[in-house]
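Residue-level listing of the chains:
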Amino acid sequence: LTVAYTDAQLESDTDPLLVGGVKGNRLPWSPKWSSTIDADYNFDAWGEWTPYVGASWHYVGERHTDFLGLLSQTATVTHNQYVLPSYNAIDARIGVETGQWTIELYGKNLTNAKGYMSFAPTGTSSA
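Residues numbered from 1 in each chain as written. Predicted model: local features only at pLDDT ≥ 70, side-chain atom pairs only at ≥ 80, totals over all residues. Heavy atoms only, no water.

Could you give me a rundown of the packing of aromatic side chains, with the residues and numbers involved?
Under the criterion given, the structure shown has three aromatic pairs. Centroid distance Tyr 5 to Trp 33: 4.8 Å. Interplanar angle 55°. Geometry classified as tilted. Placement of the pair is Tyr 5 in strand β1 (residues 2–5) and Trp 33 in strand β2 (residues 33–42), with a sequence separation of 28 residues. You can call Tyr 5 partly exposed: its relative accessible area is 47%. Aromatic side chains Trp 57 and Tyr 59 sit 6.4 Å apart centroid to centroid with 20° between the ring planes, which places their arrangement in the stacked category. (Phe/Tyr/Trp six-rings, centres within 6.5 Å; stacked < 30°, edge-to-face > 60°. Helix = DSSP H or I, 4+ residues; strand = E, 2+ residues; numbered from the N terminus. Buried < 20%, exposed > 50% of the residue type's maximum accessible area, 1.4 Å probe, protein only.)

Here's what the structure looks like:
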């Protein structure tokens, strides 16, 4: 089990034209709360093979996007950050180990959680 609390915010204003961060804004992409619960179970060995199963639950709290300086803002975009929702994800794995080798089948994000990893308002993406 891991739990993290992060209180990351600007201590002073940034350049309003290029960066657009204001004192007190949360730092981009840093959730206030996040946690993971991870569990594995090893079965009795079958000869030289040891089978196992495992699962992980991940929680990532609400996060803020990058700052939007005045050069990035349009008539419809006037915020300096957007808030992205929290999400939960579950991973699972099954496998066997023998000597130096491990064979594993795994699935990530089995709940199909929509955890945004990047964000750009219309017209400001560099991609």
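The discussion continues.
How would you explain the environment of Glu 11 if you had to name every residue and give the values?
Along the chain, Glu 11 falls in the loop between β1 and β2. For Glu 11, a relative accessible area of 71% translates into the label exposed. Each C-alpha atom, one on Glu 11 and one on Arg 26, is 9.8 Å from the other, the two residues being 15 residues apart in sequence.

So what's going on with the sheet that holds β1? Which residues, and what values?
The strand order across the open sheet formed by five strands is β1-β2-β3-β6-β7, and the pairing between neighbours is antiparallel. The sheet is open, and its two edges are formed by β1 and β7 (101–107), each paired on a single side. Strand after strand, the sheet turns through a mean of 15° between neighbouring axes, direction not considered. Here strand β6 (residues 87–98) pairs with β7 via seven bridges, running antiparallel. What sits directly across from Val 96, in β7, is Ile 103. (Pairing = 2+ DSSP bridges. Axes fitted to C-alpha atoms, helices over the stretch in contact; angles between N-to-C directions.)

How would you sum up the side chain of His 64? Please name residues and give values.
Tracing the chain through its elements places His 64 in strand β4 (residues 63–64). A residue is classified by how much of its surface remains accessible, and His 64, at 14% relative accessible area, is buried. With sequence-adjacent residues up to four places away left out, His 64 is seen in contact with Arg 26, Pro 28, Trp 29, Gln 81, Tyr 82 and Val 83. (Contact = heavy atoms within 4.5 Å.)

Can you lay out the pattern of salt bridges for me, pointing to particular residues and giving the numbers?
Applying the stated criterion to the full structure yields two salt bridges. A salt bridge links Arg 93 to Asp 38; the shortest N-O distance between them is 2.6 Å. One end of the pair, Arg 93, is in strand β6; the other, Asp 38, is in strand β2, with 55 residues separating them in the sequence. Residues Asp 40 and Arg 93 are paired through a salt bridge, measuring 3.0 Å at the closest nitrogen-oxygen approach. Note that Asp 40 is positioned in strand β2 and Arg 93 in strand β6, a separation of 53 residues in sequence. (Salt bridge = Lys/Arg side-chain N within 4 Å of Asp/Glu carboxyl O.)

With reference to specific residues and values, describe the side chain of Thr 65.
Within the fold, Thr 65 resides in the loop between β4 and β5 (83–84). Its relative accessible area of 1% is what places Thr 65 among the buried residues. Leave out the neighbours within four places in its chain, and Thr 65 touches Pro 28, Trp 29, Gln 81, Tyr 82, Leu 84 and Phe 119.

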